[in-house]
Amino acid sequence: MITRQRLAAGVCALLAALATGLAVPSGAAADETADQDAPKVDLVLDVSGSMRAKDIDGGSRMAAAKQAFNEVLDATPEEVRLGIRTLGADYPGDNRKEGCKDTAQLYPVGPLDRTEAKTAVATLSPTGWTPIGPALLKAADDLDGGNGSKRIVLISDGEDTCAPLDPCEVAREIAAKGIGLTIDTLGLVPDVKLNRQLSCIAEATGGTYTSVEHRDQLTDKVNQLVDRAADPVVTPVAVEGASVCSSAPALESGLFTDREEFAKHRYYKVDVPPGKELRASVSVSADRAVGPDYGVSLRALTTHGREIVRGEATGTGRTDVLSTGLRYPKAESEDDEETPETVCLEVANSFSPASGVKTTPGLPLELTVDVVDGADGAGDVAAFGLGRGWWLLGALVLVGFLAGLLWGWVSRWRVAVWRSN
């Protein structure tokens, strides 16, 4: 079990884009924002009967949602292709089978006609069931196609009523498709079970969960998520790590995705020229129920297996994303030949599946690799090894020693003065 915990910066982005482990040619790098399609957002609104409850700023949940949607439609950036899907809006009966089919596209994903979209929202009235799972599947189809960012924003006040189609499993299936889709969830009721389900849906795709209790808070959060969809995104590249370093794929700077089996290792290779610094980070997503104690490590090794530097992180008791990272500065070469050093990156995890949980496919893994110019002088903390704490420890020991000597001298002087008096 990994015992140290360190936090790596700059990871956990877009786990929804994690693929199923397809290989790409050596030296592949992530395609950033070139030639991306317009961002797409599908607002999925719960219109079940419970939305009649009047507990949001003195009005009904439905009224708060309508007002939030109207303000969001006014503020939606021109480049965003926005759509609206409902669940539980049309079937008022007691037939569960029919109620679990009740999801419809209120406004198609595409260029926004604000007047038409607002008119459609105004017609909504709380009606039926809460088929979250079926609605997410249909919403994923609404956003199908294109290489721009894709985001579902789910707003609900109750748990899914259409089990055994578990919304969390649906979200994991969507993430496993590698279509770059993120699901953000907002809960209108501070209910523990609802919070747990909506959190699970969001975490499965790298999205966010927010509990909202006020109309303005709902408006602000939905606006924020729609605006976020318009931000440029980096498209991860699927890569297949190896079980040994010698056969590992060679990577350049970029963002990569893979899947790693429980309690296994994956290897990747990166060339680091003299005078450059390797910065790498990894995040592994527990996209299913796992044991209560787990960890992730990222090690930089020589091709002969000697450890250069490592990063580790541990967690307990909750399904989430665990991340860590490392830095390795390669010193300037004194020879005329500046041959790059091949560094092996080893990703390991100590997750264990909960009872009855499938172990395949492996856990989603996202690896960020960046080879940058090294530090020019001694000012870089990493170049001095301070990241490992030895210099800081030495400085503290020296300061403590000098402080002890000074205190002893002062004490003896005070005793001498006391005796003389």
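What counts as what
Within each chain, residues carry numbers counting from 1 in the order of the written sequence. This being a predicted model, a pLDDT of at least 70 is required before a residue's local features are given, and a value of 80 or more before pairs of side-chain atoms are given or counted; all residues contribute to the totals for chains, interfaces and linings. Only hydrogens and water are set aside when side-chain values are computed; all heavy atoms of the structure are taken into account. Only DSSP runs of H or I with at least four residues qualify as helices, and only runs of E with at least two residues qualify as strands; both kinds are numbered from the N terminus onward. Relative accessible area decides the class of each residue, using a 1.4 Å probe on protein chains only: under 20% of the type maximum gives buried, over 50% gives exposed, and in between gives partly exposed. Residue contacts follow a heavy-atom distance rule, with two residues in contact if any of their heavy atoms lie within 4.5 Å. Each accessible area value is a Shrake-Rupley result obtained with a 1.4 Å probe; residue values ignore everything except the protein chains displayed when judging cover. Each pair of aromatic rings taken from Phe, Tyr and Trp, with Trp reduced to its six-membered ring, is defined by centres within 6.5 Å and is described as stacked if the planes are under 30 degrees apart, edge-to-face if over 60, and tilted in the remaining cases. We treat two strands as partners when DSSP finds at least two bridges between them. A side-chain nitrogen of Lys or Arg and a carboxyl oxygen of Asp or Glu constitute a salt bridge if their distance falls within 4 Å. Criterion for a disulfide: a pair of cysteine sulfur atoms at a distance within 2.5 Å. As used here, the arc is the angular range of directions from the helix axis to the C-beta atoms. Residues adjacent in sequence count toward polar contacts only when both atoms are side-chain atoms; beyond that, a polar contact is any pair of N or O atoms within 3.5 Å, and within protein one must be able to donate a hydrogen and the other to accept it.

As recorded in an unreviewed UniProt entry, the protein chain goes by Putative secreted protein and comes from Streptomyces griseoaurantiacus M045.

**Student:** For this particular structure, what's the right way to read the overall build of the protein chain?
**Tutor:** Looking only at helices and strands, one finds eight helices and 16 strands in the protein chain. Counting over 421 residues, the protein chain shows a buried share of 48%. In the protein chain, once contacts between residues fewer than 6 apart in sequence are set aside, the share between residues at least 24 apart is 78%. Within the structure as shown, the protein chain displays about 20400 Å² of accessible surface, and the carbon and sulfur contribution to it stands at 53%.

**Student:** What am I meant to see in the packing of aromatic side chains here?
**Tutor:** Each aromatic ring pair is characterised by the separation of its centres together with the angle its planes make. As enumerated under the stated definition, the model contains one aromatic pair in all. An angle of 15 degrees between the planes, with centres 4.7 Å apart, marks the rings of Tyr 294 and Phe 351 as stacked. Placement of the pair is Tyr 294 in strand S12 (residues 293-301) and Phe 351 in the loop between strand S15 (341-349) and strand S16 (363-373), with a sequence separation of 57 residues. With respect to class, Tyr 294 is no different from Phe 351; both count as buried.

**Student:** Hey, could you run me through the sheet that holds S16 in this one?
**Tutor:** Strand order in this open sheet of five strands is S7-S9-S16-S11-S14, and the pairing throughout is mixed. Of all the strands in the sheet, the pair left with one neighbour each is strand S7 (237-238) and strand S14 (321-329). With nine bridges joining them, strand S11 (residues 276-285) and S16 adopt antiparallel strand pairing. Across the sheet, Lys 276 pairs through a bridge with Asp 373, a residue of S16.

**Student:** How do you make sense of the sheet that holds strand S10 (residues 265-272) when you look at a structure like this?
**Tutor:** The strands that make up a sheet are held in pairs by hydrogen bonds between backbone atoms, and each pair lies either parallel or antiparallel. Reading across the sheet, the five strands line up as S8-S10-S15-S12-S13 and stay open at both edges, with mixed pairing between neighbours. On the outer flanks of this sheet lie strand S8 (250-251) and strand S13 (307-316), each paired with one strand and no other. As judged from the two bridges shared by S8 and S10, these two strands associate in the parallel manner. The partner of Leu 251 across the bridge, within S10, is Val 270.

**Student:** I would appreciate a short explanation of the pattern of salt bridges in the present structure.
**Tutor:** When the charged atoms of two side chains with opposite charge come close together, those side chains can pair. Considering all chains together, one arrives at 17 salt bridges under this definition. When the shortest N-O distance is used, the salt bridge between Glu 98 and Lys 101 registers 3.8 Å. In this structure Lys 101 comes out as exposed when scored by relative accessible area, which is 52%. A salt bridge links Arg 299 to Glu 346, with the nearest nitrogen and oxygen atoms 2.8 Å apart. Here the residue Arg 299 occupies a position in strand S12, and Glu 346 occupies one in strand S15, the gap between them amounting to 47 residues. The pair Arg 299 / Glu 346 is uniform in exposure class, with both members buried. A single network of salt bridges, built from pairs that share partners, joins Arg 299, Glu 307, Arg 310, Glu 312 and Glu 346.

**Student:** Help me understand the state of the cysteines, please; the structure alone is not making it clear to me.
**Tutor:** Disulfides are covalent bonds that connect the sulfur atoms of two cysteines. A complete count under the given rule lists three disulfides for this structure. Each disulfide pairs two cysteine sulfurs, and for Cys 245 the partner residue is Cys 344, the sulfurs being separated by 1.6 Å. The chirality of the disulfide connecting Cys 245 with Cys 344 is left-handed, given an S-S dihedral of about -40 degrees. Within this pair, whereas Cys 245 is found in the loop between S7 and S8, its partner Cys 344 is found in strand S15, the two being separated by 99 residues in sequence. Cys 245 sits in the buried class, given a relative accessible area of 14%. Judged by its relative accessible area of 1%, Cys 344 falls in the buried class. Sequence-ordered numbering of the bonded cysteines in the protein chain gives a disulfide pattern of 1-2, 3-4, 5-6.

**Student:** Which parts of the structure should I look at to understand unusual backbone geometry?
**Tutor:** Glycine aside, a negative phi is what most residues show, and trans is what most peptide bonds show. For the bond running from Thr 360 to Pro 361, omega is -5 degrees, close enough to zero to count as cis. Positioned with a positive phi, Asp 57 is a non-glycine residue whose angle comes to about 50 degrees. Residue placement: Asp 57 occurs in the loop between strand S1 (40-46) and helix H1 (61-75). Even without being a glycine, Ala 263 presents a positive backbone phi close to 55 degrees. As for its position among the elements, Ala 263 is in the loop between strand S9 (254-260) and S10.

**Student:** I'm lost on helix H3 (residues 114-122) in this one. Help?
**Tutor:** In an α-helix, one full turn covers 3.6 residues, which means residues spaced three or four apart are oriented alike. What H3 keeps buried is the set Ala 117, Ala 120 and Val 121. Viewed end-on, H3 has its buried residues packed into an arc of 100 degrees, placing them on one side of the element. Of the residues in H3, the exposed ones pointing more than 90 degrees away from the buried face are Thr 115 and Ala 122. Among the residues of H3, the N-terminal cap falls to Asp 113, whose side-chain oxygen and the backbone nitrogen of Thr 115 are separated by 3.2 Å.

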